[in-house]
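Here is what each chain is made of, one letter per residue.
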Amino acid sequence: MQNNSKVSFENTANAFEYKNNDQLKKAHFLFSSMGYQWLVNIGTRITPWAIKAGLPVKGLIRSTLFEQFVGGETLEQTAKVADKLEEFHVQVILDYGVEGGDYGEEEKDHSCDQFIKVINYAATQANIPFMSVKVTGIARFALLEKMDGLMQQATGTLVRRYEAALEQLRADEKAEWQRVCNRMEKICSAAAAKKVGVLIDAEETWIQDPVDALTMLMMDQYNKTTAVLYNTAQLYRHDRYQFLCDCYEAAEQRNFILGIKIVRGAYMEKERKRAADMNYPSPIQPDKEACDRDYNRAVEFCIAHVDRIAVIVASHNEYSNQLAAELLHSKGLPHNHPHVHFSQLYGMSDHITFNLAKEGYSVSKYLPFGPIEDVVPYLMRRAQENSSVSGQTGRELLLIKKELARRGVK
């Protein structure tokens, strides 16, 4: 199993073995529909409104987008999907689909409790090594924004700028921020006790700095001997490769393991528009080539320092996955090295996930779950991504068609 450095991502029999003919035909219909930009534009505008207005659209959403991209509405429903993936040696990153809103403290405490419930559940399942947390689920967006703004005005390292920003908060804001830290502490403590990895999701650039600082401080505390906590670096930002290098330096100095999930990113259009509207330099890479270059440099950097860095290569890009696999091979490292993990979103890029799993690599599906109304923002992003990412829908469709033809299904 360790002899191949090249993984074939063309094997559709492996890629879709877990889907029956009806499920495959349904996926074909869905990706075909997402190829129509006008349809996606209408759908992503109307759906959130229809849900809020209480229109009877949940059944339609449940049988289309939800079924393709989400594990279920509850942990119990999601367990069935996780069990199915386990049959094919594919692991799971559980994501409770709560997203930021300026809810009250009670709701944020509830989100914290839900995250801990997910950790406790994951600990009982052999194939759920990770779960993910959005800090906007446990912290008020406007407070994060204020913290970030204050950090921009300070100088020095990330943590120094964070400490300087804290000093400038009002007394009530300091107390509120302390509650955020307490929630994060509870989550990390539960994860460390249960040996479940926690992935902190990336946020918009204008709230990211306090998220990074808090995550680094928690890593310094919890990642001394094993990677419990992972930050997320969005490489579509032109400053993130340097950020990765700086984080590694801090991990070396403070003697902890840097946990990092590397992604290309999720907020590009929003980021560009805000930068243009507010007349500041865009944080986004000038072009796709620059983003790809930095992403692949990040893969190389992490695997070069695999003793100190635990990396999750979260990518739908075939070259980047192939690169990581070949680097492991060239260094004589096992395919299932504990510090190198691959991941793709549930419902997408099965040709990457299942073929990596077949070759013995540690690979997972990022599996969101939650009530339909809570995961609608996630579903709308998946629909937009598949209609706007150059070639993504075409590639998915091509592979599904190839497998339907191989099975002789009309």
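Note that the structure is predicted; figures quoted are calculated from it, not measured.

Novice: Please clarify how the overall build of the protein chain should be interpreted in this entry.
Specialist: Within the protein chain, the regular secondary structure consists of 17 helices and eight strands. Computed over the C-alpha atoms, the radius of gyration of the protein chain is 21 Å, within 12% of the 22 Å expected from 2.2 N^0.38 for a compact globule of 410 residues. C-alpha atoms of the protein chain, sized along the principal axes, occupy 65 × 55 × 45 Å. Every one of the 410 residues in the protein chain was classed for burial, and the buried ones make up 56%. For the protein chain, the exposed area adds up to about 17,900 Å²; of that, 53% sits on carbon and sulfur atoms. Across the protein chain, the 49 positively charged side chains and the 53 negatively charged ones have centroids separated by 3 Å.

Novice: Explain the sheet that holds strand S3 (residues 197–200) here, please?
Specialist: Where strands meet in a sheet, backbone hydrogen bonds hold them as pairs that are either parallel or antiparallel. As summarised here, the arrangement of the eight strands in space is S1-S2-S3-S4-S5-S6-S7-S8, forming a closed barrel in which the pairing is parallel. Ignoring which end each strand starts from, the neighbouring axes of this sheet average 30 degrees apart. Pairing between strand S1 (residues 91–96) and strand S8 (residues 363–369): six bridges, direction parallel. If you follow Ile-93 over to S8, its bridge partner there is Tyr-366.

Novice: Honestly, the side chain of Asp-220 in this entry has me stumped. Any pointers?
Specialist: Summarising the element assignment, Asp-220 is placed in helix H10 (residues 205–222). Given a relative accessible area of 13%, Asp-220 falls into the buried group. Among the polar contacts listed, one links the side chain of Asp-220 to the side chain of Arg-254, at a separation of 2.7 Å. If we skip the residues at most four places from it in the chain, Asp-220 touches Arg-254 and Phe-256.

Novice: Before we go on, may I ask you to explain the side chain of Ser-315 in this structure?
Specialist: By the secondary structure assignment, Ser-315 is in the loop between strand S6 (309–314) and helix H14 (318–330). In this view, Ser-315 contacts Arg-264, Tyr-295, Ser-320, Asn-321, Ser-343 and Gln-344; residues no more than four positions away in its chain are not counted.

Novice: Mind showing me how you'd approach the pattern of salt bridges here?
Specialist: Between side chains of opposite charge, a pair can form when the charged atoms approach closely. Counted according to the given criterion, the structure contains 34 salt bridges. Between Lys-224 and Asp-220 there is a salt bridge; the shortest N-O distance is 2.9 Å. Given a relative accessible area of 40%, Lys-224 falls into the partly exposed group. Between Glu-318 and Arg-395 there is a salt bridge, with the nearest N and O atoms lying 2.7 Å from each other. Taken together, the positions of Glu-318 in helix H14 and Arg-395 in helix H17 (residues 392–407) put the pair 77 residues apart, joining distant regions of the chain. Residues joined in a network through salt bridges with shared partners are Glu-10, Glu-318, Arg-395 and Lys-402.

Novice: Is there a simple way to think about the packing of aromatic side chains in this case?
Specialist: We describe a pair of aromatic rings using the distance from one ring centre to the other and the angle between the two ring planes. Counted by the stated rule, this structure contains eleven aromatic pairs. On the numbers, 5.8 Å between centres and 45 degrees between planes, the contact of Tyr-96 with Phe-369 is tilted. Of this pair, Tyr-96 sits in strand S1 while Phe-369 sits in strand S8; the two residues are 273 residues apart in sequence, bridging distant segments of the chain. Residue classification places Tyr-96 among the buried residues on the basis of a relative accessible area of 10%. Judged by its relative accessible area of 4%, Phe-369 is buried. Judged by centre distance (6.1 Å) and plane angle (80 degrees), the ring pair of Tyr-241 and Phe-301 falls under edge-to-face. Taken together, the positions of Tyr-241 in helix H11 (residues 240–254) and Phe-301 in helix H13 (residues 288–304) put the pair 60 residues apart, joining distant regions of the chain. Relative accessible area serves as the criterion here: at 15%, Tyr-241 is assigned to the buried category. Feature note: the residues Tyr-18, Phe-88 and Phe-354 constitute an aromatic cluster, connected by ring pairs.

Novice: Which parts of the structure should I look at to understand unusual backbone geometry?
Specialist: Negative phi values dominate among residues other than glycine, just as trans dominates among peptide bonds. At Lys-195, a position not held by glycine, the phi torsion is positive, near 60 degrees. Turning to its location among the elements, Lys-195 is positioned in the loop between helix H9 (171–194) and S3. When its relative accessible area of 75% is taken as the criterion, Lys-195 is described as exposed. Positive phi outside glycine occurs at Asn-255, with the angle close to 60 degrees. The residue Asn-255 is located in the loop between H11 and strand S5 (258–263) in this model. We classify Asn-255 as partly exposed; its relative accessible area is 46%.

Novice: Teacher, can you tell me more about a nonpolar patch on the surface here?
Specialist: Residues Tyr-36, Trp-38, Leu-39, Ile-42, Ile-46, Trp-49 and Leu-55 make up a contiguous nonpolar surface patch of about 750 Å² in total accessible area. Within the secondary structure layout, Trp-49 lies in helix H3 (residues 37–52). Trp-49 sits in the exposed class, given a relative accessible area of 55%.

Novice: Quick question: what am I supposed to make of the packing of H13 against H14 here?
Specialist: Helix-helix packing is described using two parameters, namely the angle between the two axes and the distance between the axes. In the contact formed by H13 and H14, the axes pass within 10 Å of each other and the chain directions differ by 20 degrees. When the axis of H13 is compared with that of H14, the two are roughly parallel. Read as a crossing pair, H13 and H14 show a hand that is right-handed. Mapping the contact onto sequence places Tyr-295, Asn-296, Val-299, Glu-300 and Ile-303 in H13 and Tyr-319, Ser-320, Leu-323, Ala-324 and Leu-327 in H14. Its residues assigned to classes, the contact of H13 with H14 comprises seven nonpolar, two polar and one charged.

Novice: Could you clarify how one ought to interpret the packing of H11 against H13 in this entry?
Specialist: Look at H11 against H13: their axes get within 10 Å of each other, and the N-to-C directions meet at 15 degrees. Considered as vectors, H11 and H13 are oriented roughly parallel to each other. As H11 runs across H13, the sense of the crossing is right-handed. Residue-level inspection shows Tyr-241, Leu-244, Cys-245 and Tyr-248 of H11 in contact with H13, the latter providing Asp-294, Arg-297, Ala-298, Phe-301 and Cys-302. The class makeup of the residues in the contact of H11 with H13 is seven nonpolar, no polar and two charged.

Reading guide: rules and limits
- Residues numbered from 1 in each chain as written.
- Predicted model: local features only at pLDDT ≥ 70, side-chain atom pairs only at ≥ 80, totals over all residues.
- Heavy atoms only, no water.
- Helix = DSSP H or I, 4+ residues; strand = E, 2+ residues; numbered from the N terminus.
- Rg over C-alpha atoms; globule rule 2.2 N^0.38 Å.
- Buried < 20%, exposed > 50% of the residue type's maximum accessible area, 1.4 Å probe, protein only.
- Areas by Shrake-Rupley, 256 points an atom, 1.4 Å probe, with all protein chains shown as cover.
- Lys, Arg positive; Asp, Glu negative; His and termini not counted.
- Charge placed at Lys NZ, Arg CZ, Asp CG, Glu CD.
- Pairing = 2+ DSSP bridges.
- Axes fitted to C-alpha atoms, helices over the stretch in contact; angles between N-to-C directions.
- Polar contact = N/O pair within 3.5 Å; in protein donor to acceptor, adjacent residues only side chain to side chain.
- Contact = heavy atoms within 4.5 Å.
- Salt bridge = Lys/Arg side-chain N within 4 Å of Asp/Glu carboxyl O.
- Phe/Tyr/Trp six-rings, centres within 6.5 Å; stacked < 30°, edge-to-face > 60°.
- Patch = residues over 30% accessible without salt bridge, like charges linked within 9 Å, V, L, I, M, F, W, Y side chains within 5 Å.
- Parallel < 35°, antiparallel > 145°, perpendicular 65-115°, else oblique.
- Left-handed = near helix turned anticlockwise from the far one by under 90°.
- Nonpolar A, V, L, I, M, F, W, Y, C, P; charged D, E, K, R; others polar.

So, to be careful, I would describe these as geometric facts and stop short of saying anything about function.
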